[in-house]
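Residues per chain are reported as follows:
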Amino acid sequence: MKLFRSIFFVVIFLGTVIQTVAQDRIIQGIVTTFDSIPLIGAEIKVQSTKQVVVTDTLGRFIVQAEDGDKLKVTAKGFYDEKFKLEDKTKLVMINLRLKPTEQAREYAIGYGYVKDADKLNALAQLNRKDLDFSQYSNMYDLIRGRFAGVTVDASGDIIIRGTSSLNLSSAALIVVDGIPVDNSVFNALSPSNVQSINIIKDGSAAIYGSRGANGVVIIETRKGGDE
């Protein structure tokens, strides 16, 4: 009888340990803005345990979480983001959107979230959550007046001031869903089908080679699950 009880309690103990190990997981992550700029000191809060950690100088963090847990990521001047952990999630990549105000940009730099202020100043973003794109009849009307230093010339080329050209043209490169396009494709695009617009100028456009020397206009269109 004593042996039976001992075995019973051992089974219960092992079951509890296995359940705890299965539920408590180590999650690693990286927090960025504009897809590639690491955010330093951004706060990550675990919903179940209320554990709060901050990102390091490379935007990285590590937390302990349960299956199906949620992470909330915050940084002053940026929109909050929530991320639900799937069963097999081990690494999460979270991109915070900078609020479209000068004060938000000052917060991002002043609070030390962005190590290289020049990179942040070389970028601008507009999202359909910030502005009703459908009120514009075409993409050129949407671009005009929404980004400082960005104009449209008589031929329909987008000109980004503060960039140095390596060729005869001053037109910015236009990229739609990762594919470089010409003015005709850009002009045919309906603003209501656009999810976000990113303007990249200065050295940050170097990843596009000589074609990005005049700056880059990156358009992301709406996908099935986008609001």
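Residues numbered from 1 in each chain as written. Predicted model: local features only at pLDDT ≥ 70, side-chain atom pairs only at ≥ 80, totals over all residues. Heavy atoms only, no water.

## Some details on the overall build of the protein
Using the following cut-off: Think of it this way: any DSSP run of H or I at least four residues long counts as a helix, any run of E at least two long counts as a strand, and we number them from the N terminus. Note on classification: 1.4 Å probe, protein chains only; a residue is buried when its accessible area is under 20% of the maximum for its type, exposed when over 50%, partly exposed between these limits. Each accessible area is a Shrake-Rupley result for a 1.4 Å probe, and residues are judged covered by the shown protein chains and nothing else.
When you go through the protein residue by residue, the secondary structure sums to five helices and 15 strands. Split into buried and exposed, the 227 residues of the protein put 38% on the buried side. Carbon and sulfur atoms provide 54% of the accessible area of the protein, an area that totals close to 13,200 Å².

## A word on the side chain of T33
Where we set the bar: Counting of polar contacts relies on pairs of N or O atoms within 3.5 Å, with two restrictions inside protein: one atom must be capable of donating a hydrogen and the other of accepting it, and residues adjacent in sequence are counted only when both atoms are side-chain atoms. Contact between two residues is taken to exist if any of their heavy atoms lie within 4.5 Å; hydrogens are not considered.
Tracing the backbone shows T33 in strand β1 (residues 25-33). On the accessibility criterion, T33 (0% relative accessible area) is buried. Here the side chain of T33 touches L96 through a polar contact of 2.8 Å, landing on its backbone oxygen. Look past the residues within four positions of T33 in its chain and what remains in contact with it is L39, F78, N95, L96 and L98.

## Some thoughts on the packing of aromatic side chains
For any two aromatic rings, the description comes down to two numbers: the centre-to-centre distance and the angle of the planes. Defined as follows: Working definition: a ring pair exists when centres of Phe, Tyr or Trp rings (six-membered ring for Trp) sit within 6.5 Å. Plane angles under 30 degrees give stacked, over 60 give edge-to-face, the rest tilted. Definition used: whenever NZ (Lys) or CZ (Arg) falls within 6 Å of the ring centre and also within 35 degrees of the ring normal, the charge is taken to sit over that ring.
One pass over the full model with this rule turns up four aromatic pairs. Aromatic pair F78 and Y113: ring centres 6.1 Å apart, planes at 85 degrees, arrangement edge-to-face. Note that F78 is positioned in the loop between β6 (70-74) and β7 (81-84) and Y113 in the loop between α2 (102-110) and α3 (117-121), a separation of 35 residues in sequence. We classify F78 as buried; its relative accessible area is 2%. A residue is classified by how much of its surface remains accessible, and Y113, at 10% relative accessible area, is buried. When the ring of Y107 is compared with that of Y111, the centres are 5.7 Å apart and the planes differ by 70 degrees; the resulting orientation is edge-to-face. Given a relative accessible area of 25%, Y107 falls into the partly exposed group. By relative accessible area, Y111 is classed as partly exposed at 49%. One aromatic cluster in this structure is built from F78, Y107, Y111 and Y113. The ring of Y107 carries K76 above its face, with NZ or CZ at 4.9 Å from the centroid.

## Concerning the sheet that holds β7
Selection criterion: Between any two strands, at least two bridges found by DSSP are needed for them to pair. Only the stretch in contact is used when a helix axis is fitted, and all axes are lines through C-alpha atoms; the angle between N-to-C directions ranges over 0 to 180 degrees.
Ordered by their spatial adjacency, four strands build an open sheet running β4-β3-β6-β7, and the pairing between neighbours is antiparallel. What marks the edges here is a single partner per strand, and that holds for β4 (52-54) and β7. In this sheet, neighbouring strand axes are inclined to one another by 25 degrees on average, regardless of whether the strands run parallel or antiparallel. Two strands pair when backbone bridges link them, and strand β3 (residues 43-46) and β4 are joined in this way by three bridges, in the antiparallel orientation. Each bridged residue has a counterpart across the sheet, and for E43 the counterpart in β4 is V54.

## With respect to α2
Going by this rule: Our arc is simply the arc of the directions from the helix axis toward the C-beta atoms.
Of the residues making up α2, those classed as buried are A104, R105 and A108. Mapping the buried residues of α2 onto a view down its axis gives an arc of 100 degrees, with all of them on the same face. In α2, those exposed residues whose orientation departs by more than 90 degrees from the buried face are E102, E106 and G110. Looking one or two residues past α2, G112 carries a phi angle of roughly 75 degrees, positive in sign.

## Quick notes on the environment of E86
Secondary-structure assignment places E86 in the loop between β7 and β8 (91-96). Sequence-wise, E86 and K70 are 16 residues apart; in three dimensions their C-alpha atoms are separated by 9.4 Å.

## Structural notes on a positive patch on the surface
Note the threshold: To count toward a patch, a residue needs a relative accessible area above 30% and no salt bridge. Like charges then connect within 9 Å, nonpolar side chains (Val, Leu, Ile, Met, Phe, Trp, Tyr) within 5 Å. Salt bridge, as applied in this entry: a Lys or Arg side-chain nitrogen positioned within 4 Å of an Asp or Glu carboxyl oxygen. A residue counts as positive if it is Lys or Arg and as negative if it is Asp or Glu; His and the chain ends are not included. Every charge is mapped onto a representative atom, which is NZ of Lys, CZ of Arg, CG of Asp or CD of Glu.
Taken together, K45, K50, K70, K72, K82 and K84 make up a surface patch of like positive charges. Residue assignment for the positive patch shows that the elements contributing at least two residues are β6 and β7. Mapped onto the fold, K72 is located in strand β6. Residue classification places K72 among the partly exposed positions, given a relative accessible area of 35%.

## Re the sheet that holds strand β12 (residues 173-176)
Taken together, five strands build an open sheet; the order of strands is β9-β14-β15-β12-β13 and the sheet is mixed. In the strand order of this sheet, the two ends are held by β9 (123-127) and β13 (179-181), each with one partner. Each strand axis lies, on average, 25 degrees off the axis of its neighbour in the sheet, ignoring direction. Examined bridge by bridge, β12 and strand β15 (residues 216-221) share four bridges and lie parallel to one another. Across the sheet, residue L173 finds its bridge partner in β15, namely V216.

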